[in-house]
Amino acid sequence: MAAILARKLGMTQIFGEDGAVARVTVLEAGPCYVTAIRTSERDGYDAVQLAFGAAREKALTKPELGHLAKASAPPLRHLAEFRDEGAGLGVGDTVDTSVFAPGQVVKISGTSKGKGFQGTVKRHRFSRGPVTHGSHNTRAPGSIGASATPSRVFKGIRGPGQMGNKRVTQRGLEVVAVRPNEHLLFVRGAVPGPRGGYVEVRSDA
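Thresholds, definitions, all that
Residues numbered from 1 in each chain as written. Predicted model: local features only at pLDDT ≥ 70, side-chain atom pairs only at ≥ 80, totals over all residues. Heavy atoms only, no water. Pairing = 2+ DSSP bridges. Helix = DSSP H or I, 4+ residues; strand = E, 2+ residues; numbered from the N terminus. Contact = heavy atoms within 4.5 Å. Axes fitted to C-alpha atoms, helices over the stretch in contact; angles between N-to-C directions. Core = buried A, V, L, I, M, F, W, Y, C linked by side-chain atoms within 4.5 Å. Buried < 20%, exposed > 50% of the residue type's maximum accessible area, 1.4 Å probe, protein only. Patch = residues over 30% accessible without salt bridge, like charges linked within 9 Å, V, L, I, M, F, W, Y side chains within 5 Å. Areas by Shrake-Rupley, 256 points an atom, 1.4 Å probe, with all protein chains shown as cover. Salt bridge = Lys/Arg side-chain N within 4 Å of Asp/Glu carboxyl O. Lys, Arg positive; Asp, Glu negative; His and termini not counted. Charge placed at Lys NZ, Arg CZ, Asp CG, Glu CD.

1. Quick look at the sheet that holds strand 5 (residues 76–83)
The strands that make up a sheet pair up through hydrogen bonds in the backbone, lying either parallel or antiparallel.
In step 1: The four strands are arranged 5-4-3-6 in an open sheet whose pairing can be described as antiparallel. Looking at the sheet topology across the chains shown, the edges are occupied by strand 5 and strand 6 (94–95).
In step 2: In this sheet, strand 6 lies alongside strand 3 (residues 32–38) in antiparallel orientation, the contact comprising two bridges. Counted as the bridge partner of C32 is V95 from strand 6.
In step 3: Lying over the sheet, helix 2 (residues 62–70) contacts strand 3, strand 4 (47–54) and strand 5, oriented at roughly 90° with respect to strand 3.

Here it is as structure tokens:
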């Protein structure tokens, strides 16, 4: 399989043998314990469930600890299922960065940084209004609908509101380097989420 859970450590740059620089995101990936296998006959779909992220035992419930104990896994915080990725694996196995290779293209899913309540200029990149002759709509959104007909605002109008803090998937990212002994993945470009955030890495074939 080519899927794993990881933690975003930050960004840096590494140099190739030809001197070319690559801006990369460093991910601490695995080792992940296989805690469940889903099958079409029993569950209606094929998937593998991985667990990652050390946690204190007191921070987990007894059902969670019991589920992990069946896989001989220590207390782990994050569980995620990867569909169509469980071939050749069984409960109790581990997955590490060796499933990836330099040059491989992956897609990474995570929760984006939360920006709080933002206006339309920042949230949707609206243009600002005029700033001369006493204008009062410098950063106002402008008209959002007609007055008499239909006398309401249509659904889906872009307006101010919560920005960020939602699931984002970045596709087409290249694995630049892999360090299995240190459980590190180096991926070219930016990855969703803040430093310390957890992400899901899958093959983007």
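2. Quick notes on the nonpolar core
In step 1: One finds L27, L50, I108 and V201 to be the most contacted residues of the largest nonpolar core, which totals 26 residues.
In step 2: Per-element tally for this core: the top contributor is strand 1 (residues 3–15), with four residues.

3. Re a positive patch on the surface
In step 1: A cluster of like positive charges, contributed by K113, K115, K122 and R195, occupies part of the molecular surface.
In step 2: Counting through the fold element by element, R195 comes out in the loop between strand 11 (184–188) and strand 12 (198–203).
In step 3: Residue R195 is classed as exposed on the basis of its relative accessible area of 68%.

4. Thoughts on unusual backbone geometry
In step 1: Geometrically, the link from T149 to P150 is a cis peptide bond, its omega value of 10° lying close to zero.
In step 2: As for its position among the elements, P150 is in the loop between helix 3 (120–124) and strand 9 (161–163).
In step 3: Notably, S151 is not glycine yet its phi reads approximately 65°, a positive angle.
In step 4: Relative to the assigned elements, S151 resides in the loop between helix 3 and strand 9.

5. Details of the pattern of salt bridges
Should their charged atoms come close, side chains of opposite charge can pair.
In step 1: Scanning the entire structure with this criterion turns up eight salt bridges.
In step 2: Between E81 and R38 there is a salt bridge, and its shortest N-O distance comes to 2.8 Å. Pair noted here: E81 is in strand 5 and R38 is in strand 3, with a separation of 43 residues, a long-range link.
In step 3: Assessed through its relative accessible area of 22%, R38 is described here as partly exposed.

Function-wise, these values are silent; they only describe arrangement.
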